[in-house]
Amino acid sequence: MAESLLETPLASLHRELGGKMVPFAGYAMPVQYPAGILAEHLATRAGATLFDVSHMGQAELVGEGAAAALERLTPADVQILKPGRQKYGLLTNEAGGIVDDFMVANLGGDRLFLVVNASRKHVDLPAIEAVLPAGVRLNRLDGRALLAFQGPQAVALLAPLAPAVAALGFMGVAETEIAGIPVLVSRSGYTGEDGVEISVPAEQAEALARTLLALPGVAPAGLGARDSLRLEAGLCLYGNDIDETTSPVEASLVWTIGKRRRMAWDFPGAERVRQELDNGPARLRVGLLPEGRQPARAHTAIAAGGETVGEITSGTFGPSLGGPCAMGYVARPHAADGTALSLMVRGRELPARVAPTPFIPHRYAR
Amino acid sequence: MAELKFSKDHEWVRLEGGVATVGITDHAQTALGDVVFVDLPEVGREVAAGDSIAVVESVKAASDVYAPIAGTIVEVNAALPDDPSLVNSAPTEGGWFFRIQPADTAEIEALMDADAYQSFVDSQS
């Protein structure tokens, strides 16, 4: 492993737990623990598991007009976000491509909390700083870890330690304490299950992680399970399913564009988005279910009638689905649910059909 | 039981009654993780040493399985497509992949023994 890889504040805990460390976005991260991806995935859907996602970028945008400033880089309606609420959004560029996807929370008092992808924080944060008016400041929160505690039992297990967490609705946010440790909790995640993401000072991250892992039935889970869980839940991975060449319309993420923004067309790439909404995009992101058990991986060509009509961007074997699932882009005439397509897997045509996502229904809190 | 021999592609070979049974090693299945799919060669196929003739996939990744010796495929493990996890739970027993009628059994003798394979694995990590 390269010397230059960064470590999260939980690095020594990962080693103690037997985590298999791999390079990811410049960090040494656990891809799995001894239980393995399959068991970690199923444990998340059945109970509760703990993920270290401290590699992700955390920042605070502070000052009067912070929401309006952020809107210069995103089609999301940030100004409508009430204190104590979080939403998912996209950063876009002038060409209508997706620069990153992110979470933004309104902490009240002209403070926004941002979480961006590890692989993109070096792009996003300078871009945000570049558009800030006087009086709005971006604080990089490099001294904080981020833990994801996910699964149908997660909040019930947490409730005795942090009563405020159980009171949060889906996408609710609160600054509170867990077992006396000051945290910022959002009821959200990347697994399709109920659960929370917890921002915590780096020096208290290990104590918090040990507290959560000591709760009954809780197991650690790695990036491998995180990927199969999010794919079954139909959630995009930046760099695979969305990037600077894909637009919000092509990516089937039009729902992230605020109504007010679609009246004003005042966001980067509005021209392309408007044109694609009027005329239909050339291609669309869809879910795909291959027949049989063989997974079709990213970059697999998608064919119809002997012609290539698209490409898979993420594909795996879904442990909860009990079969393979994938997502990818296809030319619009082939994007309807149920359309029969061929996946070119290892020189053979694997039959598949377009299917709605999520593949496993979301079970978020109300 | 006959001694296991090992290839540099992390297959094991066991010669019994003139037929060689082949699977992937415990080291290989550990590295792959939970196996979810196996594609096996056709019975009757003539293979050369080094030919890619089977596929094994885990949740995370796909990997080729090569013929460690030349010969003819005489049997495949019919239990494997329905229960690929046998590759993880019993890699050198119930998780075998295929059986080859060897063109030349000397090819098997030339493979690594258990100690040499362990040294090979250690040298790669």
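Residues numbered from 1 in each chain as written. Chains lettered and ligands numbered in written order. Predicted model: local features only at pLDDT ≥ 70, side-chain atom pairs only at ≥ 80, totals over all residues. Heavy atoms only, no water.

You'll find chain B entered in an unreviewed UniProt entry as Glycine cleavage system H protein, with Teichococcus rhizosphaerae given as the organism. The record held by UniProt for chain B lists under Sequence similarities (unreviewed entry) the comment "Belongs to the GcvH family." (UniProt positions renumbered as here; feature names shortened; annotations may be inferred.)

In the nomenclature of an unreviewed UniProt entry, chain A is known as aminomethyltransferase of Teichococcus rhizosphaerae. Comment text from UniProt for chain A, heading Sequence similarities (unreviewed entry), reads "Belongs to the GcvT family." UniProt lists a comment for chain A under the heading Catalytic activity (unreviewed entry), and it reads "N(6)-[(R)-S(8)-aminomethyldihydrolipoyl]-L-lysyl-[protein] + (6S)-5,6,7,8-tetrahydrofolate = N(6)-[(R)-dihydrolipoyl]-L-lysyl-[protein] + (6R)-5,10-methylene-5,6,7,8-tetrahydrofolate + NH4(+)".

Asker: Which residues make up the overall build of chain B, and what are the values?
Answerer: When you go through chain B residue by residue, the secondary structure sums to four helices and nine strands. For chain B, the α and β elements follow one another from N to C terminus as β-β-β-α-β-β-β-β-β-α-β-α-α. Compactness check: chain B gives a C-alpha radius of gyration of 13 Å against a globular reference of 14 Å for 125 residues, within 12% of the reference. Of all 125 residues assigned to chain B, the portion counted as buried reaches 46%. Put simply, 59% of the contacts in chain B that link residues at least 6 apart link residues at least 24 apart. In the structure as shown, chain B presents an accessible area of about 5,600 Å², 48% of it carried by carbon and sulfur atoms. Side chains of chain B carry 6 positive and 22 negative charges; the gap between the two charge centres is 2 Å. (Helix = DSSP H or I, 4+ residues; strand = E, 2+ residues; numbered from the N terminus. Rg over C-alpha atoms; globule rule 2.2 N^0.38 Å. Buried < 20%, exposed > 50% of the residue type's maximum accessible area, 1.4 Å probe, protein only. Contact = heavy atoms within 4.5 Å. Areas by Shrake-Rupley, 256 points an atom, 1.4 Å probe, with all protein chains shown as cover. Lys, Arg positive; Asp, Glu negative; His and termini not counted. Charge placed at Lys NZ, Arg CZ, Asp CG, Glu CD.)

Asker: Explain the UniProt feature "domain: Lipoyl-binding" (unreviewed entry) in chain B to me, using residue names and the numbers behind them.
Answerer: Mapped onto the present numbering, the UniProt feature "domain: Lipoyl-binding" (unreviewed entry) falls at residues 19-101 of chain B. Helix makes up 13% of residues 19-101 of chain B and strand 42%, whereas the separation of the span's terminal C-alpha atoms amounts to 5 Å.

Asker: Can you break down the UniProt feature "domain: GCVT N-terminal" (unreviewed entry) in chain A residue by residue, with the values?
Answerer: In the numbering used here, UniProt assigns the feature "domain: GCVT N-terminal" (unreviewed entry) to residues 12-259 of chain A. For the annotated span residues 12-259 of chain A, helix accounts for 25% and strand for 31% of the residues, and the straight-line distance between the end C-alpha atoms is 46 Å.

Asker: Before we move on, could you go through the sheet that holds strand β4 (residues 35-39) of chain B and cite the residues and values that matter?
Answerer: Residue and element names in this part refer to chain B. If you walk across this open sheet you meet the three strands as β4-β6-β7, and the pairing is antiparallel. If you trace the sheet from one side to the other, it starts and ends with β4 and β7 (62-66), each paired once. Averaged over all adjacent pairs, the angle separating strand axes in this sheet is 25 degrees, with direction ignored. Across five bridges, strand β6 (residues 52-58) lies against β7 in antiparallel orientation. Within β7, the position partnered with Val56 by the bridge is Ser63. (Pairing = 2+ DSSP bridges. Axes fitted to C-alpha atoms, helices over the stretch in contact; angles between N-to-C directions.)

Asker: How would you summarise the UniProt feature "modified residue: N6-lipoyllysine" (unreviewed entry) in chain B if you had to cite specific residues and measurements?
Answerer: Here the UniProt feature "modified residue: N6-lipoyllysine" (unreviewed entry) sits at Lys60(B). Among the structural elements, Lys60(B) can be located in the loop between β6 and β7. For Lys60(B), the contacting residues outside a window of four places in its chain are Val31(A), Ile37(A), Gly224(A) and Arg297(A).

Asker: Please provide a residue-by-residue account of the nonpolar core, values included.
Answerer: Residues and elements named next belong to chain A. Ranked by size, the top nonpolar core spans 31 residues in total, and within it Phe51, Tyr88, Phe113, Ile242 and Leu253 carry the most contacts. The dominant element in this core, judged by the number of residues it contributes, is strand β6 (residues 98-108), at four residues. Not counting residues within four places of it along the chain, the set of residues in contact with Ile242 comprises Tyr88, Leu90, Ile98, Asp101, Cys236, Leu237, Ala251, Leu253 and Tyr329. Grouped together as the second largest cluster of nonpolar side chains are 29 residues, Leu168, Val183, Val200 and Leu215 included. (Core = buried A, V, L, I, M, F, W, Y, C linked by side-chain atoms within 4.5 Å.)

Asker: Give me the state of the cysteines: which residues, what numbers.
Answerer: Residue and element names in this part refer to chain A. Applying the stated criterion across every chain, the model contains zero disulfides over all chains. Here Cys236 stays unpaired: no disulfide links it, and the sulfur of Cys325, its closest cysteine neighbor, is 13 Å away. The exposure class assigned to Cys236 is buried, which follows from its relative accessible area of 7%. We classify Cys325 as buried; its relative accessible area is 1%. (Disulfide = S-S within 2.5 Å.)

Asker: Can you break down empty space enclosed by the protein residue by residue, with the values?
Answerer: All names here are of chain A. Within this structure, the stated rule accounts for two cavities of 30 Å³ or more. Taken together, 14 residues form the lining of the largest cavity, with Gln86, Phe113, Val115, Ser186 and Glu197 sitting closest to its centre. Among the secondary structure elements, those contributing two or more residues to the lining of the largest cavity are β6, β7 (111-116), β11 (181-186) and β12 (195-201). Tallied by class, the residues present in the lining of the largest cavity amount to nine nonpolar, four polar and one charged. The computed volume of the second largest cavity comes to approximately 60 Å³. What lines the second largest cavity is simply Leu10, Leu13, His14, Leu17, Tyr33, Leu50, Phe51, Asp52, Leu147, Ala209, Leu213 and Pro220. When residues of the lining of the second largest cavity are traced back to their parent elements, those giving at least two are α1 (11-16), β3 (49-52) and α7 (202-213). (1 Å grid on protein atoms, 1.4 Å probe; cavity = no way out; pocket = protein on both sides within 12 Å on 5 of 7 lines; lining within 4 Å. Points joined across faces, edges and corners; volume = space filled by probe spheres on them. Nonpolar A, V, L, I, M, F, W, Y, C, P; charged D, E, K, R; others polar.)

Asker: Outline the domain arrangement of chain A, listing residues and values.
Answerer: All names here are of chain A. Split by domain assignment, chain A resolves into domain 1 (10-51 + 143-233) and domain 2 (282-355). A separation of 31 Å is found between the C-alpha centroids of domain 1 and domain 2. Contacts between domain 1 and domain 2 engage eight residues on the former and 10 residues on the latter. Buried surface at the junction of domain 1 and domain 2, summed over both partners, amounts to about 710 Å²; 70% is from carbon and sulfur atoms. (Domains from an automatic or database assignment. Buried area = accessible area lost by both parts, 1.4 Å probe.)

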